[in-house]
Amino acid sequence: GHVLGAQFVLFAHGDGLIPINQEAVVGNSTTMRGYEMGRYVERSLATAQVEYRTPFRGALGAAAFAGVTLLNYD
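Residues numbered from 1 in each chain as written. Predicted model: local features only at pLDDT ≥ 70, side-chain atom pairs only at ≥ 80, totals over all residues. Heavy atoms only, no water.

1. So, the environment of valine 26
Reasoning step 1: Structurally, valine 26 can be placed in strand 2 (residues 24-26).
Reasoning step 2: Taking the C-alpha atoms as reference points, valine 26 and glutamate 42, separated by 16 residues in sequence, lie 8.6 Å from one another.
Reasoning step 3: Not counting residues up to four positions away in its chain, the partners in contact with valine 26 are Thr31, Met32, Tyr35, Glu36, Met37, Gly38, Arg39, Tyr40, Leu45, Thr69 and Leu71. (Helix = DSSP H or I, 4+ residues; strand = E, 2+ residues; numbered from the N terminus. Contact = heavy atoms within 4.5 Å.)

2. With respect to the sheet that holds strand 1 (residues 3-11)
Reasoning step 1: Judged by pairing direction, the sheet is antiparallel, and its three strands sit side by side in the order 1-4-5 without closing on themselves. What marks the edges here is a single partner per strand, and that holds for strand 1 and strand 5 (60-71). In this sheet, adjacent strand axes meet at a mean angle of 10° when their direction is disregarded. (Pairing = 2+ DSSP bridges. Axes fitted to C-alpha atoms, helices over the stretch in contact; angles between N-to-C directions.)

3. Quick word on the pattern of salt bridges
For side chains of opposite charge, pairing can occur when their charged atoms come near one another.
Reasoning step 1: Applying the stated rule across the entire model yields one salt bridge.
Reasoning step 2: Glutamate 51 serves as the salt-bridge partner of arginine 53, at 2.6 Å between the closest nitrogen and oxygen.
Reasoning step 3: For arginine 53, a relative accessible area of 45% translates into the label partly exposed.
Reasoning step 4: When its relative accessible area of 17% is taken as the criterion, glutamate 51 is described as buried. (Salt bridge = Lys/Arg side-chain N within 4 Å of Asp/Glu carboxyl O. Buried < 20%, exposed > 50% of the residue type's maximum accessible area, 1.4 Å probe, protein only.)

4. Some details on the pairing of strand 4 (residues 45-57)
Reasoning step 1: Two strands pair when backbone bridges link them, and strand 1 and strand 4 are joined in this way by nine bridges, in the antiparallel orientation. Within strand 4, the position partnered with glycine 5 by the bridge is glutamate 51.
Reasoning step 2: By the bridge criterion, 12 bridges tie strand 4 to strand 5 in an arrangement that is antiparallel. Each residue of the ladder has a partner; that of proline 55, found in strand 5, is glycine 61.
Reasoning step 3: From the end of strand 4 to the start of strand 5, which pair antiparallel, there are two residues, and glycine 58 there has a positive phi angle of about 65°.

5. Overview of the environment of alanine 66
Reasoning step 1: If you trace the backbone, alanine 66 turns up in strand 5.
Reasoning step 2: Linking alanine 66 and glutamate 36, residues 30 residues apart in sequence, is a C-alpha distance of 16 Å.
Reasoning step 3: In contact with alanine 66, not counting residues within four places along its chain, are Ala48, Gln49 and Val50.

Read these as geometric descriptors, not functional statements.
Right, here's the structure in full:
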């Protein structure tokens, strides 16, 4: 039947230099679908996503999703 999913992510690093491959990335398989991989790369982020799926008729269904991300620009 109906499905409601939610995801909350907090990713933060302390002070100092960190390798770019360990920075927070928006637009990957876990944060903010619809954005190109690595579209935004920063030291920290907080993100929330929700998705709702419902059957429509027979094998057809509908899905709606929304997300928001806050980035820390140092």
